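Observations on the three-dimensional arrangement
The chain contents come next:
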Amino acid sequence: MISGAEIMVKCLEAEGVKVVFGYPGATICPFYDKLYDSSIKHVLVRQEQNAAHAASGYSRCSGLPGVCVATSGPGATNLITGIATAYADSVPMIAITGQVKSDLLGRDVFQEADITGACEPFVKHSYLVSKTEDLPRVFKEAFHIASTGRKGPVLIDIPMDIQQNEIESFEYPEKVNIIGYKPNTRGHAVQVKRAVEAIKNSRRPLIVSGGGVLSSGVKLKFQAFADKTKIPVISTMMGIGVMPSDHEMYLGMLGTHGKPVANRALHDADLVIVCGARLGDRAVAAPDQMSENTTVIHIDIDPAEIGKNVKTAIPIVGDMKNVLNMMIDEIGDYVVPNQWQETVKGWKKSFFRTPPKFDGFVEPRALVAQLSSMLRSKAILVADVGQNQIWCANNFMIREGRFLTTGGMGTMGYSVPAAVGAKLARPTRDVVVVCGDGSFQMSMNELATIVGNNLAIKIIIMRNHRLGMVRELQDFNYNKRHAATILSGDPDFLKLAEAYGIDHAEANSNEEAEEIIRGMVKSDKPFILVCNVYPDTPSI
Amino acid sequence: MQYTLSILVENQAGVLSKISGLFSRRGFNIDSLAVGVTNNPDVSRITIVANGDEYVVEQLEKQLNKVIPVIKVKRLSEGDFISRELILIKVHCAASKRAEIIKTAEIMQAKIVDVAPSCVTVEYCENSSRVETLIDLLKPYGIREIVRTGTIAIDRGNTALSV
Ligand SMILES: Cc1ncc(C[n+]2csc(CCOP(=O)(O)OP(=O)(O)O)c2C)c(N)n1
Ligand SMILES: [Mg+2]
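Just so you know, the residues in each chain are numbered from 1, in the order the chain's sequence is written. Chain A is the first chain written and ligand 1 is the first ligand written, with later ones labelled in order. Two thresholds apply to this predicted model, a pLDDT of at least 70 for residue-level local features and 80 or more for giving and counting side-chain atom pairs, whereas whole-chain, interface and lining totals are computed over all residues. Side-chain measures here rest on the full set of heavy atoms in the structure, leaving out hydrogens and waters.

1. Section: the overall build of chain B
Where we set the bar: A run of H or I in DSSP becomes a helix once it reaches four residues, and a run of E becomes a strand once it reaches two; helices and strands are each numbered from the N terminus. A simple rule labels every residue: compare its accessible area, found with a 1.4 Å probe on the protein chains alone, to the largest value its type can have, and call it buried under 20%, exposed over 50%, or partly exposed in between. Residue contacts are counted whenever heavy atoms from the two residues lie within 4.5 Å of one another.
When helices and strands are tallied, chain B shows four helices and nine strands. Listing the helices and strands of chain B from first to last along the sequence gives β-α-β-β-α-β-β-α-β-β-α-β-β. Each of the three principal axes of chain B carries a C-alpha extent, and together these read 55 × 35 × 30 Å. Counting across all 163 residues of chain B, residues that qualify as buried make up 42%. In chain B, the proportion of contacts linking residues at least 24 apart, taken out of those at least 6 apart, comes to 73%.

Quick look at the structure:
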């Protein structure tokens, strides 16, 4: 005989899960008791939301679905923001929650929350398991759904009695058969032909790279395509890292907080190839950012994204990997018109600005650029949300590494827990967090997780004593009335680091910061660097 | 623009709320919704009638297709399908008016299914516009109560929607 809880562990093992992030409670105890005997590592976070963020960071760096676990009621509801973040960012994730016993469902007993109902708009799919026998199929389906098609979180809610009940035997299914779920990954040959035709007929084509290129695992091929065709590339926030930042035809991030040169290129292009991006309002806010006559080719695995935010002439539904292969075959030795290449290269020079410095402060944009060259080439930079994120997005010179941030949901507090996941997925790489003083305080409780698991994560806090991005918005739109954006009462972050036993330092200039970072990257321990930033520093 | 969607779904708990949620989350109202099991007991068919422009309908079709237990979504094209809804109307009816109301029902090919001292109940199964006509005809007598099933619809001719 085998219990539901044991089956749950065996399912995770069968899926090759090495790490889960979670927080226990009564209704998930049967599972925890069995997990205790397993070789799967459990990382105890300090708040469930961070279990989901850590799973997201893990997933994005390992390519496997991240797994997070919580108890029923408040444990489950604490997960929601993390699940919603993974959904908006299309990150594959399995969220497992304990639930009150089946016969108590719907009676509003202690710690009962309708978590499948609450998460409905934020999950790719969810299960409320009603029979122990169903567990293997449910897990198999959940992992399949999370990691195929447009990736995303799947929630499995498991009442305590389902975990406790025993059945005859365990067998993990080999295949899934979900009649309503057959994502189209192939890419339509005729559409690809039409697209290539249009590219060849255009004079100023431009590629927008999105997160879909990364989740399809086709980065290098994509770079080769850009290399060969010399089509200029701009990127959404989720697509940062697809191209090396110093690539001659790469212009940076588009959008409200993007690079002026990238927006200029989008404005002037006569054809845009959107690759695995939804082009939300932060990317293309107003239709006039693109010309009326721009031909849009939109490649996405999710047909619902095509034509949703921008008018599309040539839709191609499919996995980026397959579609790109077809495009490469079809396009032959096409190269972009010389004139367009030269225009773009010229812009790159003329748009370049060195940010002004303020004495007695760290200039954050310059510092992020400096940081890039001090890290190893596969470094993972995790940015939080706010000005700190924009400084990173526009100034971090990515080579072979990753840039992690929540471009889709913009959830403050993402960076520290996501870095926990990233470091566990890629223990040998540099993992550096850049966050704001506001966002750091949304998840600084996770310093304990970092210390408890000996994770050499380096945290750079850009301290401006402001919720800087909102402060900037108030400067522009609300007559400089700084309602609720001045942070007061903040702790001394250095003493906080001290309390956790984390090495730390403070910098008031870029030279000082550089010196500290040099030492910091050499150590195999966590580190907190507090950079004092001039409060009025702009985002761009 | 009014449109009719036929949706085949796996016959399991929670599917209806996933689907109605797609509409409500986007602030779209549903005019009518009817659900029932099909010839395959594992599959239910939902018929939704709603209003929206082409962009909205196309988005909804695509979003519906993303719901995992949704097997197929089809927008029925104007004029090419048969639609019916069942309605029960309880009408105020003094004895003196009874013959008149029965006559009206007869002309419309509706059935009187219950008679009480001051009421009659009329049963009618037709497409929505005929149903509206009957309601209009009965209104002057004083309508006490109306129950409608919501529209169900099926393609004309040889085409059949199946798994
Ligand atoms: C959970 C959450 N709450 C509120 C916001 C709105 N918001 C966006 S940026 C920002 C300010 C961030 O402040 P800080 O972390 O100090 O970064 P800075 O902009 O100062 O670099 C706020 C409040 C958000 N994105 N996420
Ligand atoms: Mg700040």
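Continuing now.
2. So, the coordination of the magnesium ion (ligand 2)
All names here are of chain A. Our working definition: Here the coordinating atoms are restricted to nitrogen, oxygen and sulfur within 2.8 Å of the metal centre, or 3.2 Å for Na, K and Ca, and because water is not among them the sites may look incomplete.
Around the magnesium ion (ligand 2), the protein contributes the donor atoms Asp437 (OD), Asn464 (OD1) and Arg466 (O), at 2.1 to 2.2 Å from the metal centre. Between consecutive donor residues of the magnesium ion (ligand 2), the sequence gaps follow D-x26-N-x1-R. Here Asp437, found in helix α17 (residues 437-443), pairs with Arg466, found in the loop between β18 (457-463) and α19 (468-477); they are 29 residues apart in sequence, far enough to count as distant. Like Asp437, the residue Arg466 is buried in the burial classification.

3. A short note on the pattern of salt bridges
The criterion, for reference: Put simply, a salt bridge is a Lys or Arg side-chain nitrogen that is within 4 Å of an Asp or Glu carboxyl oxygen.
Tallying each qualifying case throughout the model produces 31 salt bridges over all chains. Note that B:Arg84 is salt-bridged to B:Glu126, the shortest N-O span being 3.8 Å. Of this pair, B:Arg84 sits in strand β5 (residues 81-92) while B:Glu126 sits in strand β7 (residues 119-126); the two residues are 42 residues apart in sequence, bridging distant segments of the chain. The partly exposed category is assigned to B:Arg84, whose relative accessible area is 31%. The class for B:Glu126 is buried, based on a relative accessible area of 17%. B:Glu106 is the partner of B:Lys103 in a salt bridge, and the nearest nitrogen-oxygen pair spans 3.9 Å. Here the residue B:Lys103 and the residue B:Glu106 both occupy positions in helix α3 (residues 98-108), the gap between them amounting to three residues, near one helical turn. Classification of B:Lys103 by relative accessible area gives partly exposed; the value is 48%. Shared partners join several salt bridges into a network, and the residues in it are A:Arg150, A:Asp302, A:Glu305, A:Lys308 and B:Lys66.

4. With respect to the interface of chain A and chain B
How we decide: Each of two parts loses accessible area, computed with a 1.4 Å probe, when they are put together; buried area is these two losses added.
The interface is formed by 17 residues belonging to chain A together with 13 residues belonging to chain B. Carbon and sulfur atoms make up 54% of the area that chain A and chain B hide from each other, which totals about 1300 Å². For the pair chain A and chain B, the interface holds two salt bridges. Two residues, B:Lys66 and A:Asp302, come together in a salt bridge whose shortest N-O distance is 2.5 Å.

5. Remarks on the sheet that holds strand β2 (residues 30-37) of chain B
All names here are of chain B. What counts is decided by this rule: We treat two strands as partners when DSSP finds at least two bridges between them. All axes here are fitted lines through C-alpha atoms, helices being fitted over the stretch that makes contact, and every angle between N-to-C directions spans 0 to 180 degrees.
Taken in spatial order, the four strands make up an open sheet running β2-β3-β1-β4, and their pairing is antiparallel. The open sheet has two free edges, formed respectively by β2 and β4 (70-76), since each of these has just one partner strand. Direction aside, neighbouring strands of the sheet carry axes that sit 15° apart on average. By the bridge criterion, nine bridges tie strand β1 (residues 2-10) to strand β3 (residues 43-51) in an arrangement that is antiparallel. Across the sheet, the residue bridging to Tyr3 is Ala50, located in β3. Against the sheet, helix α2 (residues 54-66) touches β1 and β4, its axis set at about 160° to β4.

6. A look at the site of ligand 1
All names here are of chain A. Rules: Proximity is defined per residue: any heavy atom of the residue falling within 4 Å of a molecule or strand makes that residue near it. Polar contacts, as counted here, are pairs of nitrogen or oxygen atoms within 3.5 Å of one another; within protein the pair requires one atom able to donate a hydrogen and one able to accept it, and residues that are adjacent in sequence qualify only if both atoms are side-chain atoms. For this classification, Asp, Glu, Lys and Arg are treated as charged, while Ala, Val, Leu, Ile, Met, Phe, Trp, Tyr, Cys and Pro are nonpolar and the rest, including Gly, are polar.
Inspection of the region around ligand 1 gives 17 residues, with Gln387, Asp437, Gly438, Ser439 and Gly468 positioned closest. At 2.7 Å from an oxygen atom of ligand 1 is found a main-chain nitrogen or oxygen belonging to Gln387. Between ligand 1 and Asn464, the relevant distance is 2.9 Å, taken from an oxygen atom to a side-chain nitrogen or oxygen of the residue. Only α15 (387-395), α17 and α19 provide two or more residues apiece to the shell around ligand 1. Ranked by the residues each element gives to the shell around ligand 1, the list is headed by α17, at four residues. Taken together, the residues that form the shell around ligand 1 break down as six nonpolar, nine polar and two charged.

7. A few points about the state of the cysteines
Residues and elements named next belong to chain B. Rules: The rule for a disulfide is simple: a pair of cysteine sulfur atoms within 2.5 Å.
Considering all chains together, one arrives at zero disulfides over all chains under this definition. No disulfide involves Cys93; its sulfur sits 7.9 Å from the nearest other cysteine sulfur, which is in Cys119. On the basis of relative accessible area, Cys93 is assigned to the buried category, the value being 1%. On the accessibility criterion, Cys119 (10% relative accessible area) is buried.

8. What to know about the nonpolar core
All names here are of chain A. Stated formally: Take the buried residues of types Ala, Val, Leu, Ile, Met, Phe, Trp, Tyr and Cys, join any two whose side-chain atoms come within 4.5 Å, and each joined set is a nonpolar core. Each domain's extent is set by a domain assignment, obtained either automatically or from a database.
Membership of the largest hydrophobic core comes to 88 residues, with the highest contact counts inside it found for Phe222, Ile273 and Ile460. When we break this core down by domain, the ones giving at least three residues each are domain 2 (189-351) and domain 3 (364-532). Discounting residues that sit within four places of it in the chain, Ile273 has contacts with Ile199, Leu206, Ile207, Val208, Ile231, Ile297, Ile299 and Met327. Core analysis: the second largest hydrophobic core is formed by 52 residues, Ala70, Ile80, Ala86 and Val530 among them.

9. Some remarks on the sheet that holds strand β7 (residues 153-159) of chain A
Residue and element names in this part refer to chain A. One open sheet holds the six strands; their spatial order is β3-β2-β4-β5-β7-β6, and the pairing between them is parallel. Strands with a single pairing partner mark the edges of an open sheet, and in this sheet they are β3 (41-44) and β6 (125-128). Mean inter-strand twist for the sheet, computed between neighbouring axes without regard to direction, equals 20°. Sitting on the sheet, helix α4 (residues 74-88) touches β4 (66-70), β5 (93-99) and β7, and the angle it makes with β5 is about 165°.

10. Brief notes about the domain arrangement of chain A
Residue and element names in this part refer to chain A. Per the domain assignment, the segments making up chain A are domain 1 (2-167), domain 2 (189-351) and domain 3 (364-532). Contact with domain 2, which involves 15 residues of that partner, is made by 17 residues of domain 3. Buried area between domain 2 and domain 3, both sides added, is near 1300 Å², and the carbon and sulfur share of it is 60%. For domain 2, the biggest contributors to the area lost against domain 3 are Met237, Ile240 and His257; these three give 38% of the whole.

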